[in-house]
Structure formats: C-alpha cells, structure tokens
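# Remarks on the overall topology
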Amino acid sequence: MKALRHALRPLLIACSWLLIWQLAALAVGKEVKLPPPQRVWQALLSLAGQGAFWLSLGATLGRVLAAFLLGMLLGGLLGALCAFVPFADAFLSPLRAVVKATPISSFIVLVLLWLSNSMVPLFIALLMVVPVAWANVQQALGAVSPRLLEMAYVFRLSRRDKIRHIYLPSIRPQCVAAGTTALGFAWKSAAAAEVLARPEFSIGRGIMESKIYLETPELFAWTVAIILLSMAIERLMLRLLRFGEVAHP
C-alpha cells in the first residue's frame, strides 16, 4: 500500500498542476496568450510527426552533451590546477568571476561575431558549465583531510594511489552535485543561444519561429519537449553515476 501511494503521488501532483494550468487558460480566455494543456499536447503530437522536429531535438541534445562533457573536463582540470598551484588560482580566478557575472545574452551577442550560428550554442553552454565544475572540484580538493594525506605519506603511497584512493573519493560527491547543476545550466544557456543564433536544426529556432508566427501552442510544445528531454538526460546521468559508485566503491 505504501509503495502504491509512493507511485501515485507524482501522478496526482502532475494532474493537479495540469488542472491549475487548465483553469488559468480558461481564465485568460485567449489561446495566443495561454493555450490549454490539450492544445499543447496536440501541437506536440503534430510536431512529433515531422522529421525536422526530431532532427532539431537531436542537434540540440548533441550540442548540450558535447558542451557538458567538455565543460566538466576543462572545469575539472582548471579546478585541480587552481587547487594545487596558488599562482594559477590568483591569476585565473578573476576570469571565472567575469564569466559568472556576465549575462548570458551579452556573451551570445559577442560570440555571434566570432563563430558560426551552429557553434554559438555549444560555446555558450560550455562557458556556463566550466565555472561550475571548476569551483566544485577546487573546493573538494581543498577540503581533502590532511590526516589522509599524512597517512599516504607515512605509507609511501604512489601519486597514482593517492589520486585513486584519496582524491577521487573526496571529489566524487562534489562532482555529482556539480554535474547536475551544470547540466541544467547547459540546457538553459544552449536554448537561449539557439533562440538568438537560430541554427538550422535546433529547439531554439523552433521556439523563436513559433513566437514570430504567434503559434503559442507550438511554442509551449517546444518548451515541453526540451523540459522532458532535459529531465530524461539528468535521470540517466544520475543512474550512470550511481552505477559507477556501485561498480567502483
């Protein structure tokens, strides 16, 4: 019975929010401003019957995943460098502060002058992921217990063993948290960049064109598609990370 309640709870919450959406749409009374859920569902089904829709989803997904993986790798390397080399931390930390403080829209407009439209979303998403991974890895490495390092010195552990048995377990929880946050930033920033850059196949282009032609149900349908895709990829990433923790305790 408890398991049944646990399974039904998300369904009931989703139905409640759909009901609120439906009532809000009825109150507004204009589909161009707020379409009801059934119209958005119809628009989503209509889009799903078009090959360009799936090409757009695949292209956006490819850009986001490429930016996420490259950003986590680059951010991790920068975090490790700044954790172990104080001069590198002093020299590079202003750069990280500038990237974190500058609005995404400013970066998008600047990058549009330098790169092709299809590369802009990838670069912008990469730029948003790097500081998150950088800060988390640096913080995790800086918090490694000195006693563990002293023990490693006493037992004369090799550098490889230190990395494997001390540093990696210490940064793993931070990397999981950083990965979840960074993936969300990658989706949002890539979508924002696609809206402005409008590469040929992209979710952002679909959103922008729906807005231009006042196809509000389609605009909502594109938005629902990117939300569902983002949630699916995040769940898959968490499952893979948990499997990795079980496989390599």
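It should be emphasised that the depicted structure is a prediction, and the values quoted were computed from it without experimental measurement.

Definitions and limits used
- Residues numbered from 1 in each chain as written.
- Predicted model: local features only at pLDDT ≥ 70, side-chain atom pairs only at ≥ 80, totals over all residues.
- Heavy atoms only, no water.
- Helix = DSSP H or I, 4+ residues; strand = E, 2+ residues; numbered from the N terminus.
- Buried < 20%, exposed > 50% of the residue type's maximum accessible area, 1.4 Å probe, protein only.
- Contact = heavy atoms within 4.5 Å.
- Areas by Shrake-Rupley, 256 points an atom, 1.4 Å probe, with all protein chains shown as cover.
- Salt bridge = Lys/Arg side-chain N within 4 Å of Asp/Glu carboxyl O.
- Axes fitted to C-alpha atoms, helices over the stretch in contact; angles between N-to-C directions.
- Parallel < 35°, antiparallel > 145°, perpendicular 65-115°, else oblique.
- Left-handed = near helix turned anticlockwise from the far one by under 90°.
- Core = buried A, V, L, I, M, F, W, Y, C linked by side-chain atoms within 4.5 Å.

Once that is clear, we can look at the overall build of the protein. Helices and strands together make up the secondary structure of the protein, namely ten helices and zero strands. Each helix and strand of the protein, placed in order from N terminus to C terminus, yields the pattern α-α-α-α-α-α-α-α-α-α. Taken across its 249 residues, the protein has 34% of its residues classed as buried. Long-range contacts, defined here as pairs at least 24 residues apart, represent 71% of the contacts in the protein between residues at least 6 apart. Approximately 15500 Å² of the protein is accessible, and the part contributed by carbon and sulfur atoms is 69%.

All told, the structure shown has four salt bridges when counted by the stated rule. Arg-205 is paired through a salt bridge with Glu-209; the nearest N and O atoms lie 3.1 Å apart. Of this pair, Arg-205 and Glu-209 both sit in helix α9 (residues 203-212), separated by four residues, roughly a single helical turn. A network of salt bridges, in which partner residues are shared, links Arg-198, Arg-205 and Glu-209.

Next up on the list: the packing of helix α4 (residues 86-101) against helix α6 (residues 120-142). The interhelical angle for the contact between α4 and α6, taken along N-to-C directions, is 135°, at an axis separation of 10 Å. Considering the angle they form, α4 stands oblique to α6. Seen along the crossing, α4 lies across α6 with a hand that is left-handed. Listed contacts from α6 to Asp-89, Leu-92, Arg-96, Val-99 and Lys-100 of α4 are Leu-127, Met-128, Pro-131, Trp-134, Ala-135 and Gln-138.

So, on to the nonpolar core. In terms of nonpolar packing, the biggest core is built from 37 residues, with Phe-53, Leu-57, Met-72, Leu-183, Trp-187 and Trp-222 touching the most fellow members. For this core, the elements supplying multiple residues, two or more each, are α2 (37-48), α3 (51-84), α6, α8 (159-197), α9 and α10 (216-247). Once residues within four sequence positions are removed from consideration, Met-72 is found in contact with Val-129, Ala-133, Cys-175, Ala-178, Gly-179 and Ala-182. Counting residues in each nonpolar core, the second largest holds ten residues, with Val-120, Met-128, Ala-193 and Ala-197 among its members.

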